[in-house]
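Each chain, written out:
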Amino acid sequence: MMNPTMAQKMTEKDGFIAALDQSGGSTPKALKLYGVAEDSYSNDEEMFALIHAMRARIIKSPAFTGEKVIGAILFERTMDGEIDGIATADYLWDKRGIVPFLKVDKGLMSEDNGVQLMKPMGGLDALLERAITKNIFGTKMRSVVNAANKAGIEAIVAQQFEIGKQILGHGLMPILEPEVNIKIADKAEAEELLLDAIRLHLDTVPTGQQVMLKLSLPTKANLYKPLVDDPRVMRVVALSGGYSRDEANRLLSANEGVIASFSRALTEGLSQDQTDAEFDAMLAATVDSIFQASRAA
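Let us look at the structure shown here.

Conventions adopted
By convention here, each chain's residues receive numbers from 1 onward along its written sequence. Under the rules for a predicted model, residues below a pLDDT of 70 receive no local features and side-chain atom pairs below 80 are neither given nor counted, while totals for whole chains, interfaces and linings still include all residues. Excluded from the side-chain calculations are hydrogens and water; all other atoms, namely the structure's heavy atoms, are used. Here a strand is any run of E in DSSP of at least two residues, a helix any run of H or I of at least four, and the numbering for each starts at the N terminus. What the globule rule says is 2.2 Å times the number of residues to the power 0.38, and the radius of gyration is computed from C-alpha atoms. Here, residues are in contact when the closest pair of their heavy atoms is within 4.5 Å. Think of a nonpolar core as a cluster: buried Ala, Val, Leu, Ile, Met, Phe, Trp, Tyr and Cys residues, connected wherever their side-chain atoms sit within 4.5 Å. The rule is simple: take the accessible area with a 1.4 Å probe, protein chains only, and divide by the maximum for that residue type; under 20% is buried, over 50% is exposed, in between is partly exposed. We define a salt bridge as a side-chain nitrogen of Lys or Arg found within 4 Å of a carboxyl oxygen belonging to Asp or Glu.

1. Here's the deal with the overall build of the chain
- Of the regular secondary structure elements, the chain holds twelve helices and eleven strands.
- For 297 residues, the compact-globule estimate of 2.2 N^0.38 gives 19 Å, and the chain sits close to it at 18 Å.
- Taken along its principal axes, the extent of the C-alpha atoms in the chain is 50 × 40 × 40 Å.
- Sequence-distant contacts, at least 24 apart, represent 73% of the contacts inside the chain between residues at least 6 apart.

If you want it as structure tokens, here you go:
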């Protein structure tokens, strides 16, 4: 059973979802943007300790509360870690009022038919059961569309929904993320195909259950409004996908009912060298701008 209080907040509350789920491949870049050079660590354990410290600093900031940030997506190591001696997910919910999610995919396969499917997820059931013991509400998994290829997009959506139903079977809320690469020339066409495929596969969601969708900001404003309005979709959220924060906020504001789930755009401008006052002021301005864009949408 999903936590009903978390479900209500995720369904009804204004706000956005923070993506704090950088994995092994994206962590070095995130740390570099935060002002931590690669020669500051010599192995994965040191690297992950540094990124956990960055995430903990964000989560503990006075600006980072459930008033504007309604959810946060965690990397597995972050879920297994602690903040001030408290399990990260419990700290988020009990201390900050923020609903915790877990990234569960294991990365991307090589491109085929213009898309990158998710790698096989060995041990997913065990991970989901462990997530439940950690008081995680839901999950997130990402695949990527690199071309307006109908067969490829159908395959990517089918995979997302198939695993999404497995996640629902454990009583967790799946965020399905078939990201459309914002740099491709046929982005608008790919998004139309993606919309059609998602609407078709929503018919496979078990009666009385819902999924969430995390999608790239569309070329055509309000393209995904039918998904926002579908009772089988708890929430449609948008990734920043490489846009600057200002551009992502501008595009988000034009899409009714869609809220943010930004990663790089959330941490833009934050630095380990900032004083706590400087860090908190920057994060407060960022959180407010993303909140306002999500509420405007």
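From this point on, the discussion continues.
2. Topic: the nonpolar core
- The biggest cluster of nonpolar side chains holds 85 residues, and the ones touching the most others in it are Phe 64, Ile 198, Leu 227, Leu 252 and Leu 283.
- Setting aside its immediate chain neighbours within four residues, Phe 64 contacts Ala 18, Leu 20, Ile 58, Ile 59, Val 69, Leu 92, Arg 96, Ile 98 and Leu 283.
- Counting residues in each nonpolar core, the second largest holds 16 residues, with Ile 73, Phe 101, Phe 137 and Ile 259 among its members.

3. Things to note about the side chain of Gln 274
- Relative to the helices and strands, Gln 274 resides in the loop between helix 11 (264–267) and helix 12 (276–296).
- Discounting chain neighbours no more than four positions away, the residues touching Gln 274 are Arg 57, Gly 269, Phe 279 and Met 282.

4. Topic: the pattern of salt bridges
- If you walk through the whole model with that rule in mind, you get 17 salt bridges.
- For Lys 68, the salt bridge identified is with Asp 288, shortest N-O distance 2.8 Å. Here Lys 68 is found in the loop between helix 3 (44–60) and strand 2 (69–74), whereas its partner Asp 288 is found in helix 12, with 220 residues between them in sequence.
- Owing to a relative accessible area of 28%, Lys 68 belongs among the partly exposed residues under this scheme.
- With a relative accessible area of 28%, Asp 288 lands in the partly exposed category.
- Close ionic contact of Arg 250 with Glu 247 constitutes a salt bridge, the shortest N to O distance being 2.8 Å. Here the residue Arg 250 and the residue Glu 247 both occupy positions in helix 10 (residues 245–253), the gap between them amounting to three residues, near one helical turn.
- On the accessibility criterion, Glu 247 (28% relative accessible area) is partly exposed.
- Within the structure, one salt-bridge network assembled from shared partners comprises Glu 76, Asp 80, Lys 106 and Arg 130.

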